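Here is how the chains run, residue by residue.
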Amino acid sequence: MTGICPPPRGRFAVVGSGTGTTASRLLDAVDDGTIPADVAVVVGNNSRSGILTRARDRGVRTFHLSGKTHPEPDMLDAAMLDALDAAGTDLVVLAGYMKLLGPRVLERFKGAVLNTHPALLPAYGGVGMYGDRVHAAVLADGATRTGATVHQVTAVYDEGPIVAQREVEIRPDDDVEQLRARVQAAEKSLLVDVVAAWFTDAAPPASGVAGDQASGLMRESLRRDRTASPPSARA
Ligand SMILES: Nc1nc2c(c(=O)[nH]1)N[C@@H](CN(C=O)c1ccc(C(=O)N[C@@H](CCC(=O)O)C(=O)O)cc1)CN2
Ligand SMILES: NCC(=O)N[C@@H]1O[C@H](COP(=O)([O-])[O-])[C@@H](O)[C@H]1O
């Protein structure tokens with residue numbers, strides 16, 4: 001017996017508002033070993049949403065935090081920070097979260113908050129650009145390109161540095177549902193690749209769009225994050 005203990009596994013939180021299919025994909029990737037880290041907590045802002053149910057069904061700690069539980073945005077921000085810290089979170093992943101993440105959380109987890117967006121930012125981002133609204137706008141504009149983006153989260157919706165992107169085909173007869181399904185599949189695979197790389201120092205995901213640039217950004221942001229963000233207080 002060498003007595004040498006392996007380093008503790010990283011821990012990431014998932015924050016969302018919707019059905020939770022992205023969160024489920026991340027949990028699957030933890031279970032199959034693709035992501036060498038653990039889900040510390042799942043936070044949802046809709047008590048009836050699938051994301052909390054799916055997490056509870058898999059034995060993951062959950063918190064329902066919303067404008068209903070905490071009407072004051074400042075209090076909601078503080079409660080979110082407490083929940084993330086209590087769970088020993090190292091990385092925060094927004095997966096279909098529909099509200100603005102507050103300044104306390106952004107400061108505490110500076111450089112360690114990621115969001116997945118269903119378009120190729122900076123196109124089709126910002127206030128009002130979420131869910132099917134994004135795909136409807138892409139189709140209405142006759143855009144020839146769309147895809148998935150994973151970016152660092154900053155104070156303004158969707159303006160943080162892009163970490164990785166993956167392009168998705170738009171077919172001539174696509175409707176919103178068909179395009180959503182194709183983009184969501186790309187979002188899930190890209191997000192799993194990014195989170196896995198975050199915890200393994202692996203090469204960033206092969207990206208269909210600006211791959212080298214995104215990869216460089218990711219390597220740089222990963223390097224910076226590891227030196228900048230304080231170690232999490234283990235729960
Ligand atoms: N501080 C940040 N918080 C969040 C970011 C971010 O970049 N910085 N990204 C969003 C996720 N997102 C797109 O990826 C996004 C989500 C929601 C909206 C939006 O317009 N929301 C509406 C309210 C919608 C509702 O109540 O259902 C609004 O704020 O008026 C835009 C972009 C997550 N948080
Ligand atoms: N602006 C962010 C945004 O619109 N994200 C979108 O929220 C949904 C989450 O689905 P899920 O709850 O099934 O994971 C996904 O469609 C994702 O593209």
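Per an unreviewed UniProt entry, the recorded name for the protein chain is Phosphoribosylglycinamide formyltransferase, and the organism is Isoptericola halotolerans. In its Catalytic activity (unreviewed entry) section, the UniProt entry covering the protein chain states "N(1)-(5-phospho-beta-D-ribosyl)glycinamide + (6R)-10-formyltetrahydrofolate = N(2)-formyl-N(1)-(5-phospho-beta-D-ribosyl)glycinamide + (6S)-5,6,7,8-tetrahydrofolate + H(+)".

Requested: an account of unusual backbone geometry, with residues and values cited.
With an omega of 10 degrees, the peptide bond running from leucine 121 to proline 122 counts as cis. Take proline 122: it is sitting in the loop between strand S5 (113–117) and helix H5 (132–140). Residues other than glycine seldom take positive phi values, yet tyrosine 124 does so here, at roughly 55 degrees. Mapped onto the fold, tyrosine 124 is located in the loop between S5 and H5. Here aspartate 158, not a glycine, exhibits a phi torsion of approximately 65 degrees, which is positive. For aspartate 158, the position within the fold is in the loop between strand S6 (146–152) and strand S7 (162–168).

I'd like to hear about the site of ligand 2, residue by residue, with values.
The local shell around ligand 2 holds 15 residues, among which Thr19, Thr21, Thr22, Gln184 and Glu187 are the closest. The contact in question runs from an oxygen atom of ligand 2 to an N or O atom on the backbone of glycine 20, over 2.8 Å. Take glutamate 187: an N or O atom from its side chain is 2.5 Å from an oxygen atom of ligand 2. Surface burial for ligand 2 is 92%, taken as the share of its 440 Å² of free accessible area covered by protein chains. Taking a 2 Å distance to the grid points as the criterion, the majority of the atoms of ligand 2 fall inside the largest pocket. Of all the secondary-structure elements, those providing two or more residues to the shell around ligand 2 are helix H1 (21–31), S5 and helix H6 (176–200). Counted by class, the shell around ligand 2 contains four nonpolar, ten polar and one charged residues. Of the residues that make up the shell around ligand 2, three or more belong to each of domain 1 (10–109) and domain 2 (116–150 + 160–228).

Mind laying out the site of ligand 1, listing which residues take part and the relevant values?
Among the 22 residues in the neighbourhood of ligand 1, the closest are listed as Lys99, Asn115, Gly128, Tyr157 and Asp158. Contacts to ligand 1 include histidine 117, whose side-chain N or O atom sits 2.9 Å from an oxygen atom. Considered on its own, ligand 1 offers 710 Å² of accessible surface; in the complex 82% of this is hidden by protein. The site holding ligand 1 turns out to be the largest pocket. Classifying every residue of the shell around ligand 1 by side-chain character gives 13 nonpolar, seven polar and two charged.

Help me get a handle on the environment of arginine 180, residues and values and all.
Residue position: arginine 180 is located in helix H6. Distance in space between the C-alpha atoms of arginine 180 and leucine 139 is 11 Å, their sequence separation being 41 residues.

Go over the UniProt feature "binding site: (6R)-10-formyltetrahydrofolate" (unreviewed entry) in the protein chain with me, naming the residues and quoting the values.
In this structure's numbering, the residues bearing the UniProt feature "binding site: (6R)-10-formyltetrahydrofolate" (unreviewed entry) are Lys68, Met98, Lys99, Leu100, Leu101 and Asn115. For the annotated residues, spread through 48 residues, the largest C-alpha to C-alpha distance comes to 23.3 Å, inconsistent with a single compact locus. Lining the largest pocket, from the set of annotated residues above, are Met98, Lys99, Leu100, Leu101 and Asn115. Setting aside anything within four residues of it in sequence, one finds leucine 101 in contact with Met80, Leu94, Leu106, Val113 and Val153. Position of asparagine 115 among the secondary structure elements: in strand S5. On the basis of relative accessibility, which here comes to 8%, the residue asparagine 115 falls in the buried class. Not counting residues up to four positions away in its chain, the partners in contact with asparagine 115 are Leu94, Thr149, Val150, His151, Val153 and Asp158.

Hey, could you go over the layout of surface pockets for me, with residue numbers and the actual values?
Of the voids in this model, the largest pocket is the one considered here, and its volume is about 700 Å³. Around the largest pocket sit 38 residues that line it, and Gly96, Tyr97, Met98, Thr116 and Gly131 are the ones nearest its centre. Secondary structure elements with two or more residues in the lining of the largest pocket: H1, S5, H5 and H6. The two domains that each donate at least three residues to the lining of the largest pocket are domain 1 (10–109) and domain 2 (116–150 + 160–228). In this structure, the second largest pocket occupies an estimated 360 Å³ of space. Lining the second largest pocket are 23 residues; nearest its centre among them are Asn45, Ser66, Gly67, Leu76 and Lys99. Its residues assigned to classes, the lining of the second largest pocket shows nine nonpolar, eight polar and six charged.

Criteria and cut-off values
- Residues numbered from 1 in each chain as written.
- Chains lettered and ligands numbered in written order.
- Predicted model: local features only at pLDDT ≥ 70, side-chain atom pairs only at ≥ 80, totals over all residues.
- Heavy atoms only, no water.
- UniProt positions renumbered as here; feature names shortened; annotations may be inferred.
- Helix = DSSP H or I, 4+ residues; strand = E, 2+ residues; numbered from the N terminus.
- Near = heavy atom within 4 Å.
- Polar contact = N/O pair within 3.5 Å; in protein donor to acceptor, adjacent residues only side chain to side chain.
- Areas by Shrake-Rupley, 256 points an atom, 1.4 Å probe, with all protein chains shown as cover.
- 1 Å grid on protein atoms, 1.4 Å probe; cavity = no way out; pocket = protein on both sides within 12 Å on 5 of 7 lines; lining within 4 Å.
- Sits in = over half its atoms within 2 Å of the grid points.
- Nonpolar A, V, L, I, M, F, W, Y, C, P; charged D, E, K, R; others polar.
- Domains from an automatic or database assignment.
- Contact = heavy atoms within 4.5 Å.
- Buried < 20%, exposed > 50% of the residue type's maximum accessible area, 1.4 Å probe, protein only.
- Points joined across faces, edges and corners; volume = space filled by probe spheres on them.

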